[in-house]
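Structural features, examined
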Amino acid sequence: MELDWIQIFVISVLLSLILLYELSSTFKYYAKMILYYTLVSIYSVIVCILSLPRPRDPTNLRFASWLLSNTNSLFGIRAEVRGLHHLDYNKPCVVVANHQSSIDLFSMFSFGVWPKRCVPIGKKELLFTGTFGACLYLCGIIFIDRLNPDKARNTLERTAKYMEDNNLKVWIFPEGTRNHETGLLPFKKGAFHLAINAQVPIIPIVFSSYSEFYSKREKRFGTGKFTITVLPPIPTEGKTSDEVTEIAEMVRKQMLTTYNETSMQRLESNGLN
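Computed from a predicted model, the values in this text were never measured in an experiment.

**What about the sheet that holds strand β3 (residues 118-123)?**
Strands in a sheet are paired, the pairing made by backbone hydrogen bonds, and the direction either parallel or antiparallel. Read from one edge of the open sheet, 7 strands run β1-β9-β6-β2-β5-β3-β4, paired in mixed fashion. Each having just a single partner strand, β1 (77-82) and β4 (142-144) make up the two edges of the open sheet. Here the strands of the sheet are splayed against their neighbours by 25 degrees on average, with no regard to which way each runs. Sheet strands touched by helix α7 (residues 190-198): β2 (93-97), β3, β5 (169-172) and β6 (202-207). Its angle to β2, the strand with the most contacts, is close to 165 degrees.

**Observations concerning helix α2 (residues 25-51)**
An ideal rise of 1.5 Å per residue puts 39 Å on 27 residues; α2 measures up with 38 Å between its terminal C-alpha atoms. Among the residues of α2, those classed as buried are Tyr29, Lys32, Met33, Tyr36, Leu39, Val40, Tyr43, Ser44, Val47, Cys48 and Ser51.

**Brief notes about the side chain of Ser208**
Tracing the backbone through its elements, the reader meets Ser208 in the loop between β6 and β7 (214-215). Since its relative accessible area comes to 0%, Ser208 is described here as buried. A polar side-chain atom of Ser208 sits 2.8 Å from the main-chain amide nitrogen of Thr227. Ignoring any residue separated from it by four or fewer positions in sequence, one finds Ser208 in contact with Gln100, Phe226, Thr227, Tyr259, Thr262, Ser263 and Arg266.

**Some remarks on the pattern of salt bridges**
Under the definition given, this model contains 9 salt bridges. Glu212 is the partner of Arg266 in a salt bridge, and the nearest nitrogen-oxygen pair spans 3.0 Å. In this pair, Arg266 is assigned in helix α8 (residues 244-269) and Glu212 in the loop between β6 and β7, connecting sequence segments 54 residues apart. Glu212 sits in the partly exposed class, given a relative accessible area of 22%. Residues participating in the shared-partner salt-bridge network are Glu181, Arg217, Glu218 and Arg220.

**Observations regarding α7**
One turn of the α-helix equals 3.6 residues, which is why residues spaced by three or four share an orientation. Within α7 the residues assigned to the buried category are Ala191, Phe192, Leu194, Ala195 and Ile196. Structurally, α7 contributes buried residues whose contacts are with β2, β3, α6 (149-166), β5, β6 and α8. Immediately downstream of α7, the backbone of Gln199 shows phi near 55 degrees, a positive value.

**Quick word on the nonpolar core**
Ranked by size, the top nonpolar core spans 45 residues in total, and within it Tyr36, Ile103, Trp171, Ile205, Phe207, Tyr214 and Phe221 carry the most contacts. Going through the elements one at a time, α2, α3 (61-69), β2, α4 (104-109), α5 (130-138), β6 and β9 (224-230) are the ones with two or more residues in this core. Considering each element in turn, this core owes the most residues, 8 residues, to α2. Apart from residues no more than four positions distant in its own chain, Phe207 is found in contact with Ala97, Asn98, Gln100, Asp104, Ser107, Met108, Trp171, Phe226, Thr227, Ile228 and Tyr259.

**Observations regarding the packing of aromatic side chains**
In this description, a pair of aromatic rings is defined by centroid distance and the angle of the planes. Under the criterion given, the structure shown has 18 aromatic pairs. Arranged with centres 6.3 Å apart and planes meeting at 75 degrees, the rings of Trp171 and Phe173 form a pair that is edge-to-face. Across this residue pair, the class does not change: Trp171 and Phe173 are buried. Plain terms: the ring middles of Phe187 and Phe192 are 6.1 Å apart, the flat faces sit at 15 degrees to each other, and that makes the pair stacked. Grouping aromatic residues by their ring pairs yields a cluster made of Phe109, Phe111, Trp114, Trp171, Phe173, Phe207, Tyr210, Phe213 and Phe226. The side chain of Lys32 reaches across the aromatic face of Phe221, ending 4.6 Å from its centre. The lysine or arginine in question, Arg56, covers the ring of Tyr137, its NZ or CZ lying 4.5 Å from the ring centre.

**Thoughts on the environment of Val251**
On the secondary structure map, Val251 appears in helix α8. Among the residues examined, Val251 registers a relative accessible area of 0% and is labelled buried. Along the primary structure Val251 and Ile202 are separated by 49 residues, whereas in three dimensions their C-alpha atoms are 8.7 Å apart. When neighbours within four sequence positions are excluded, Val251 is seen to be in contact with Val96, Phe187, Phe192, Pro204 and Ile234.

Rules and cut-offs
Residues numbered from 1 in each chain as written. Predicted model: local features only at pLDDT ≥ 70, side-chain atom pairs only at ≥ 80, totals over all residues. Heavy atoms only, no water. Pairing = 2+ DSSP bridges. Helix = DSSP H or I, 4+ residues; strand = E, 2+ residues; numbered from the N terminus. Axes fitted to C-alpha atoms, helices over the stretch in contact; angles between N-to-C directions. Contact = heavy atoms within 4.5 Å. Expected span 1.5 Å × (residues − 1). Buried < 20%, exposed > 50% of the residue type's maximum accessible area, 1.4 Å probe, protein only. Polar contact = N/O pair within 3.5 Å; in protein donor to acceptor, adjacent residues only side chain to side chain. Salt bridge = Lys/Arg side-chain N within 4 Å of Asp/Glu carboxyl O. Core = buried A, V, L, I, M, F, W, Y, C linked by side-chain atoms within 4.5 Å. Phe/Tyr/Trp six-rings, centres within 6.5 Å; stacked < 30°, edge-to-face > 60°. Lys NZ or Arg CZ within 6 Å of the ring centre and 35° of its normal.

In C-alpha cells:
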C-alpha cells in the first residue's frame, strides 16, 4: 500500500510539472533556462576532456559547435542564415556581432555560422566560472580585463600579432555586454582598434531580435525562428587609429539597419506587426 502512495505522489508531481510547463510561461522560461545552463555545464566538461591533448588550441571550439548544433532543435530554435559565403575568408579578420543573451551560444555555434580558425575575446571574469571557464581557457579564448584600460589595450596589441602569426579570426561583441532590449547599444572601440592595428577586414554578423521566442524581461522562452545575416567584409587596409570612431559608427549603422530590417521581417512573417 505504501508503494502505491509513493507512485501516486510521484505521478502527481510529474503531472503538475507538465501542467505548469504548458500553462505558465514563467515556469517554462525558468525550466528551459535551467536545462540550458545544465547542458552548457555538461558540454563544458566534455569539451574540456576532448581539448586536453591540445590545450589552448582554438580548433577545440569545433567540439562546442558540434554539441550545440545538435541541441538547438531540443529548444525549438531555428534560424535563417544569409550571406554565409562572406565567412569563406581564409585570412585573419575581426568578426563583430550583436549580443542579446546568454543563449547567443546557439547563434554563434549552431547553423554553420562559427568561422574556421576563430577565437572569441571575452571578459576575464569568465575564466572563473567553473568548468565553463576551464572550457574557455582550453579552447584558447582571449581574456581581456575590461576594468583596466591599459591591460585591455596591451591585450589587443598582442592579439593583433597573435592573429597574424596563427592565421586566426577573432570574434568580438562590440556592445561590450548583453543587450536585452531592442536595437544595439553604443559600440566600444576595441574591436576596431584591433582591426586597424592588424590591418585586417571587419566582418559584421547580425542576429535579428529573439522576441519571437525569447524575452528575459517578460520571462518568456518558447520556440521560434530568427535571422542571422553575415554582412560583406569591411577593409581596414591603409586606415589609421584616427579613423576608428568613424569606422565604428559606420559598422554600427550598417548592423542596426540590418537588425531593424530582419527583425521587422520576422514580425511580419508571423503576423505580429
